[in-house]
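# Summary of structural features
Residues per chain, in single letters:
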Amino acid sequence: MKTKELLIIIPAYNEGKNIQRVLEHLEQLEEMNFSDVADILVINDASTDTTNWIVKQMQYPMISQLYNMGYGCALQTGYKYAVRRGYKYLIQMDGDGQHDVCNIPVIYQKLRETDQGGRYPDIVLGARFRKDSADFPVSLPKRMVYAMFRGMIRVITGERISDPTTGLQGLSRKAFLYYSKYNHFDDKYPDANMLIQMMLIQFKVVEIPAVMHPRTEGKSMHSGLKPFWYMLRVIYSVLIILIQVKLLKMDVGVGLKSADKI
C-alpha cells in the first residue's frame, strides 16, 4: 500500500476524556481529501486511564510506551515512525482538544508553499497569540513565562515568535528527520529551546494564526506552579544549545542541507 505524504501524530497521556472527541473531529475533516492524504498515529505515553482502550476501540494506529517517558519522548517516537514509514510532512497536535482540526489543512498548505526566495518552511507554528489569532485565555504565570521565552528568542535569534510554546506544529521531512536523531530533541519540554536550536542552525521557521480552545477535561502538564520549573528546565536547555552551536559550532548550517544529507 502506497504511503500517504502526511502523518498526524497525537501524543496522549491520560486523555481518556478527550481523545475520542479529537479523533471524531479529525474524521469529520473533509477539506484536502483528508483520508486520501493523511494518516493518524496516537502515541500513548503509558496512560493509566481509558486512553489506550478508546483508541483501540476506534481502530486507530497507536504506539504505547511501556513507561511514562514524557511529552518530548512521545513526540520523538512519532518522528521516528514518520521517518521509517517515508512520510513527507508531519503535523503534531495535542490530544486534549485544544487544537481545532480546522488548523490542519492550513498548516499542511503552508508546508507546501515557498517564500519569495523559493524556500519551503521546515517548521510551521500554529500560534495562539498573534493579532490575527482567535482569543485564547492564559493564566498570569503562563503569560510571564511566554513573554520571557519570546524575549529570549528575539535576543538570541533576532526573530519574532508570538507563541514559542505552541504544540500545534507542522514539520517538513528534513525537520522531523533531524529531530528523530539522538540528542537532537528535548525529551521533556521541547518548546522555545527547540525553536532557538532550529533557527540557529538555519532551519526555516514560520508562524501562522491558529484556532485553539481552552482545555475542558483532564489536567494540563503545565498546571499549578509547574510553569516555573518548566521555565528553568527550558532555560538550562537553551544554555546547552548556545554552547553547542555558538561555541562548538555543532550542526551550523544543517538546516540549509537537503533531507538526504542530514
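In short, a report on the structure.

Procedures and definitions
- Note on numbering: residues in each chain are counted from 1, in written sequence order.
- In keeping with the predicted nature of the model, local features appear solely for residues at pLDDT of at least 70, side-chain atom pairs appear and are counted solely at 80 or more, and the whole-chain, interface and lining totals rest on all residues.
- Only hydrogens and water are set aside when side-chain values are computed; all heavy atoms of the structure are taken into account.
- Runs of H or I in DSSP of at least four residues are treated as helices and runs of E of at least two as strands, each being numbered from the N terminus.
- Only C-alpha atoms enter the radius of gyration; for comparison, a globular chain is expected to reach 2.2 Å times N to the power 0.38, where N is the number of residues.
- Exposure classes here rest on a 1.4 Å probe applied to the protein chains alone. A residue is buried below 20% of its type maximum, exposed above 50%, and partly exposed in between.
- Pairing between two strands is assigned when DSSP locates at least 2 bridges connecting them.
- Axis definition: a line fit to C-alpha positions, over the contact stretch in the case of helices; interaxial angles, taken between N-to-C directions, run 0 to 180 degrees.
- In what follows, residue pairs with any heavy atoms lying within 4.5 Å of each other are defined as contacts.
- Salt bridge, as used here, is a side-chain nitrogen of Lys or Arg placed within 4 Å of a carboxyl oxygen of Asp or Glu.
- Residues belong to one nonpolar core when they are buried, are Ala, Val, Leu, Ile, Met, Phe, Trp, Tyr or Cys, and are joined through side-chain atoms within 4.5 Å.
- The span you would expect from a helix comes to 1.5 Å times its residue count less one.
- Each direction from the helix axis to a C-beta atom contributes to the arc, which is the arc of those directions.
- Under the rule applied, a polar contact is a pair of N or O atoms within 3.5 Å (in protein, one hydrogen donor and one hydrogen acceptor; residues adjacent in sequence only if both atoms are side-chain atoms).

### Side note on the overall build of the chain
- Counting its regular elements, the chain contains 9 helices and 7 strands.
- Over its C-alpha trace the chain gives a radius of gyration of 17 Å, about what one expects of a compact globule, namely 18 Å for 262 residues.
- With the C-alpha coordinates of the chain rotated into their principal frame, the extents come out at 50 × 45 × 40 Å.
- With 262 residues in all, the chain has 52% of them scored as buried.

### A short note on the sheet that holds strand 6 (residues 169-172)
- Strand order in the open sheet formed by 7 strands is 3-2-1-4-6-5-7, and the pairing between neighbours is mixed. The open sheet terminates on both sides in strands that have one partner only, identified here as strand 3 (62-64) and strand 7 (205-209). Shown here is a sheet whose adjacent strand axes are inclined to one another by a mean of 20°, direction ignored.
- Pairing of strand 1 (residues 6-12) with strand 2 (residues 38-44), which is carried by 7 bridges, proceeds in the parallel orientation. The residue bridging leucine 7 from the neighbouring strand is aspartate 39, located in strand 2.
- Its contacts with the sheet place helix 4 (residues 71-85) against strand 1, strand 2, strand 3, strand 4 (89-92) and strand 6, and it is angled at close to 155° to strand 1.
- Here helix 5 (residues 103-111) sits on the sheet and contacts strand 1, strand 4, strand 5 (123-127), strand 6 and strand 7; the angle it forms with strand 4, its principal contact strand, is near 145°.

### Describing the pattern of salt bridges
- Using the criterion set out here, one finds 8 salt bridges in the structure.
- We note a salt bridge from arginine 119 to aspartate 122, for which the minimum N-O separation is 3.3 Å.
- With a relative accessible area of 26%, arginine 119 lands in the partly exposed category.
- With relative accessibility at 3%, the residue aspartate 122 sits in the buried group.
- Of the charged contacts, one joins lysine 174 and aspartate 122 as a salt bridge, the two residues approaching to 3.6 Å between their closest N and O atoms. Linking lysine 174 in helix 7 (residues 173-179) with aspartate 122 in the loop between helix 5 and strand 5, this pair joins segments that are 52 residues apart in sequence. The exposure classification of lysine 174 matches that of aspartate 122, with both residues buried.
- Overlapping salt bridges, with partners in common, bring together Arg119, Asp122 and Lys174 in one network.

### Considerations on the nonpolar core
- The biggest cluster of nonpolar side chains holds 81 residues, and the ones touching the most others in it are Ile8, Ile10, Leu23, Leu26, Tyr79, Met93 and Tyr179.
- When neighbours within four sequence positions are excluded, isoleucine 8 is seen to be in contact with Leu26, Phe34, Ala38, Asp39, Ile40, Leu41, Ile91, Met93 and Ile104.

### Topic: the pairing of strand 6
- Judged by which residues are buried, strand 6 turns out to be covered on both faces: Gln169 and Leu171 on one side and Gly170 and Ser172 on the other are all buried.
- Note: strand 5 against strand 6, 3 bridges, orientation antiparallel. Along strand 6, the bridge assignment pairs isoleucine 123 with leucine 171.

### What about helix 6 (residues 140-157)?
- Under the 1.5 Å per step criterion, the end-to-end length of helix 6 is 26 Å for 18 residues, consistent within 8% with the ideal 26 Å.
- Taken as a whole, helix 6 has its buried residues at Val145, Tyr146, Phe149, Met152, Ile153 and Thr157. Within helix 6, the buried residues cover an arc of 120° as seen down the axis, which keeps them to one side.
- Glycine 158 occupies a position one or two residues after helix 6 and carries a positive phi of about 80°.

### A closer look at the side chain of glutamine 65
- Among the structural elements, glutamine 65 can be located in the loop between strand 3 and helix 4.
- Within the local environment of glutamine 65, its side chain forms a polar contact with the side chain of threonine 77, the two groups lying 3.1 Å apart.
- Other than its neighbours up to four places away in sequence, glutamine 65 contacts Ile43, Asn44, Asp45, Ala46, Cys73, Ala74 and Thr77.

### Describing the pairing of strand 1
- A large share of strand 1 lies buried, amounting to 7 of its 7 residues.
- By the alternation rule, side chains of strand 1 split into Leu6, Ile8, Ile10 and Ala12 and Leu7, Ile9 and Pro11, which are all buried.

### As for the environment of aspartate 94
- When you line up the elements, aspartate 94 lands in the loop between strand 4 and helix 5.
- Taking the C-alpha atoms as reference, aspartate 94 lies 30 Å from lysine 261; in sequence the two are 167 residues apart.
- Apart from residues no more than four positions distant in its own chain, aspartate 94 is found in contact with Ile10, Val22, Tyr71, His99 and Gly167.
- At 3.4 Å, the side chain of aspartate 94 and the side chain of tyrosine 71 are in polar contact.

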